[in-house]
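Take a look at the letters that make up each chain.
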Amino acid sequence: MFTMAAASLPAPAQLEWGDMGDGTYRNPLLNADYSDPDVIRLGDKYYMVASDFHFMGMQVLESEDLVNWRVVSQIFTRLDFPGWDTNKRYAGGSWAPSIRWHDGRLWVYFCTPHEGLFMSTAADPAGPWSPLHCVRRVAKWEDPCPIWDDDGRAYLGHSVHGAGPIIVHRMSSDGRRLLDEGRMVYEGPVAEGTKWLKRGGRYYLSIPEGGVRTGWQTLLRADSIYGPYERRVVLEQGSTGVNGPHQGALVDTPDGREWWFVHFQSVTPLGRVVHLQPARWTDDGWLTIGEDYDGNGIGEPVASYAKPSTAADVRPYLPQTSDEFTADGLYWRGQQQSALGLQWQWCHNPVDSAWSLTAREGWLTLDALRADSLKACRNMLTQKAMGYRGTATTLLDCRGMAEGTCAGLLLMGKTFRGVGVCRDGIFTEQDGRRIIVSGGRHEVVWLRVEMNSRINEHRFFYSIDGRTFLPAGEPFMMLDGYWKGIRTGLFCYDAGAGSAVAPAAGDGAQTAERGRAMFDFFRYEIIQ
């Protein structure tokens, strides 16, 4: 039905999660931070969006079986509001989106905590996506979801930052305007994550309650969209080890015989990883999710299960990770096509004049923009850490670097850590403090990070020959933070020639004289 935008990564055989290759899957099916997921089915394929907060783009993922996913586009490239060009909006940005199909198009809605309620549409999940439209300039709304009713009327539900309540607005049929100030339809304990479903003439609201790490999933139903709503808890941790199993999407298979619930679990340091639960409608019009292991009438998360039925012959694969920077494809990011792989997301707004895949064929070039630390770095290209254990390696050509240039490989979450090269040698950085671990100047350096999220122990390494890797500092732990799990990636900034601390981050106008870093590849091996 739609175009395929990008190649996926075959899943290593030894993984303990995702597609087991025998007709079953093991949770989490996506062992990476795809927080607040929403999913719809179009024909025989499924499409997912998730919160990306201060990382640009909002990835759109595609699956043929609800278990194996690839990234096929990104919805936007930047947020043109104060703070987004100076790295001042950590934990801001896109919160808890919804994705729906109406009138021959996909519609995605999301709120940002500072700027408002936004919408974008596309005829093809692979893009292009329409420019972000601000439906309402407002602060502190969250988790919006539209519904177009059988009579053509449109509505939008959302919650309010902090704990709800759930509010319903009339909306114009073109999805661009709210027609009233809304009516409160439900108050509950941290009620948010509004998702609509209409079935059998009833309106259903599937919502999370109880908070990110300890909550549960609630189903509301009513004969009128404004209520009154009946309430039932349909999924909880119960006797399992899966804390806070909630906030996600209800979706059926192409034959309509199976229903599934996609939700997150918040874990340190990976963030909010994605689980898949079987769901069943009961004769009285309610829903059961997972399995009721403790017999209290409320479903609990399954650890493993038979995969959803599909006519496709799907071999296990993962979202894209590694990149040789060959620029051999074009992918939609909003209204722009780019050769940069869809796994990559800029932290805050990118400076498009300060990076290139063509300045040196087969390499990624990052110009050094003024910053005093990795957290303030404008040229910070990231992707989600994935799996329990993994290794990311890059080759850095240092010959274009200037006196103030700092460039290398990062691991970020609540803290900002990196291993890189500067004028004095190879350094590590933690929250703005740089320590030289090996002095001297080099033309090329290999950098590596080994990540073990199961025991939360990580370590940087470096090599000057590509064969022998030496530790760069001691092992360290990471914390997820700013509502996001840990990420790895590449960076380049100008710390100021001759000074340990640079002036405040600039606008990127001065780049060439401050040096640049060139990366030959980024190879991410997911081990477990």
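Predicted, not measured: the structure shown is a model, and the values here were computed from it.

Trainee: Mind showing me how you'd approach the environment of Phe118 here?
Mentor: Its location among the elements puts Phe118 in strand β10 (residues 116-122). When its relative accessible area of 3% is taken as the criterion, Phe118 is described as buried. When the C-alpha atoms of Phe118 and Pro144 are compared, they prove to be 9.3 Å apart, with 26 residues separating the residues in sequence. Those residues within four positions of Phe118 in sequence are excluded, and the remaining contacts are Phe81, Val108, Tyr109, Phe110, Thr112, Leu132, His133, Cys134 and Val135.

Trainee: Explain the pattern of salt bridges to me, please; I cannot follow it from the model alone.
Mentor: Two side chains carrying opposite charge are able to pair once their charged atoms lie near each other. Counted under the stated rule, the structure contains 31 salt bridges. Note that Asp397 is salt-bridged to Arg360, the shortest N-O span being 2.7 Å. Residue Asp397 is located in strand β33 (residues 389-397), and its partner Arg360 is located in the loop between β29 (355-356) and β30 (364-367); the two are separated by 37 residues in the primary sequence. We classify Arg360 as partly exposed; its relative accessible area is 27%. The residue Arg441 makes a salt bridge to Glu403 at a minimum N-O spacing of 3.2 Å. Here Arg441, found in the loop between β37 (433-439) and β38 (444-452), pairs with Glu403, found in the loop between β33 and β34 (405-412); they are 38 residues apart in sequence, far enough to count as distant. According to the relative accessible area criterion, Glu403 is partly exposed, its value standing at 38%.

Trainee: Mind showing me how you'd approach the sheet that holds strand β22 (residues 271-281) here?
Mentor: In a beta sheet, neighbouring strands are held together by backbone hydrogen bonds and run either parallel or antiparallel to one another. Here we have four strands laid out as an open sheet, ordered β20-β21-β22-β23, and antiparallel in their pairing. In the strand order of this sheet, the two ends are held by β20 (246-252) and β23 (287-289), each with one partner. Sheet twist, expressed as the average angle between the axes of neighbouring strands with direction ignored, equals 30 degrees. Both strand β21 (residues 259-267) and β22 contribute to a ladder of nine bridges, which runs antiparallel. What sits directly across from Phe261, in β22, is Gln277.

Trainee: Help me understand the sheet that holds strand β12 (residues 141-148), please; the structure alone is not making it clear to me.
Mentor: Taken in spatial order, the four strands make up an open sheet running β12-β13-β14-β15, and their pairing is antiparallel. If you trace the sheet from one side to the other, it starts and ends with β12 and β15 (183-186), each paired once. For this sheet, the mean angle separating the axes of adjacent strands, direction not counted, is 30 degrees.

Trainee: Is there a simple way to think about the packing of aromatic side chains in this case?
Mentor: Here the structure, examined in full by the defined rule, presents 20 aromatic pairs. The interplanar angle of 65 degrees and the centroid separation of 6.3 Å between the aromatic rings of Tyr25 and Trp260 together place this pair among those described as edge-to-face. Highlighted residues: Tyr25 in strand β3 (residues 24-26) and Trp260 in strand β21, separated in sequence by 235 residues. When its relative accessible area of 0% is taken as the criterion, Tyr25 is described as buried. Centroid distance Trp95 to Trp483: 6.3 Å. Interplanar angle 65 degrees. Geometry classified as edge-to-face. In this pair, Trp95 is assigned in strand β8 (residues 95-102) and Trp483 in the loop between β40 (470-476) and β41 (487-494), connecting sequence segments 388 residues apart. You can call Trp95 buried: its relative accessible area is 10%. Through successive ring pairs, a cluster of aromatic residues spans Phe76, Phe81, Phe110 and Phe118. One Lys or Arg, Arg170, reaches over the ring of Tyr155 and ends 5.7 Å from the middle of that ring. Taking the ring centre of Phe521 as reference, the NZ or CZ of Arg523 above it sits at 3.6 Å.

Trainee: Where do I start with the nonpolar core in this structure?
Mentor: The nonpolar side chains of a soluble globular protein tend to be buried with one another. Core analysis: the largest hydrophobic core is formed by 68 residues, its most contacted members being Val39, Leu66, Trp69, Leu364, Leu490 and Phe519. With five residues, the top contributor of residues to this core is strand β42 (residues 516-526). Membership of the second largest hydrophobic core comes to 19 residues, among which are Val49, Met56, Leu79 and Leu106.

Trainee: So what exactly am I meant to see when it comes to the pairing of strand β4 (residues 38-42) here?
Mentor: Within β4, four of the five residues are buried, leaving the element largely enclosed by the surrounding structure. Pairing of β4 with strand β5 (residues 45-49), which is carried by five bridges, proceeds in the antiparallel orientation. Residue Arg41 lies in a different strand from β5, and its bridge partner there is Tyr46. Connecting β4 to the antiparallel partner β5 that follows it, the hairpin turn spans two residues, and Gly43 within it adopts a positive phi of roughly 65 degrees.

Quick notes on the rules
Think of each chain on its own: its residues are numbered from 1, step by step along the sequence as written. Since the coordinates come from a predicted model, pLDDT governs what is reported: local features require at least 70, and pairs of side-chain atoms require 80 or more to be given and counted, while whole-chain, interface and lining totals use all residues. As a convention, hydrogens and water are excluded, and side-chain values are obtained from all of the structure's heavy atoms. A run of H or I in DSSP counts as a helix once it spans at least four residues, and a run of E counts as a strand once it spans at least two, with each numbered from the N terminus. Burial classes: relative accessible area under 20% of the type maximum marks a residue as buried, over 50% as exposed, and values in between as partly exposed (1.4 Å probe, protein chains only). Here, two residues are considered to be in contact whenever any of their heavy atoms come within 4.5 Å of each other. The salt bridge criterion pairs a side-chain nitrogen of Lys or Arg with a carboxyl oxygen of Asp or Glu, the two atoms within 4 Å. Should DSSP find at least two bridges between two strands, the strands are regarded as paired. Between N-to-C directions, angles cover 0 to 180 degrees, with each direction set by a line fitted to C-alpha atoms, over the stretch in contact for helices. Between rings of Phe, Tyr and Trp, where Trp is taken as its six-membered ring, a pair exists when centres lie within 6.5 Å; planes separated by under 30 degrees are stacked, by over 60 edge-to-face, and by other angles tilted. By definition, being over a ring means that NZ of Lys or CZ of Arg is both within 6 Å of the ring centre and within 35 degrees of the ring normal. In this text, buried Ala, Val, Leu, Ile, Met, Phe, Trp, Tyr and Cys residues form a nonpolar core when linked through side-chain atoms within 4.5 Å.

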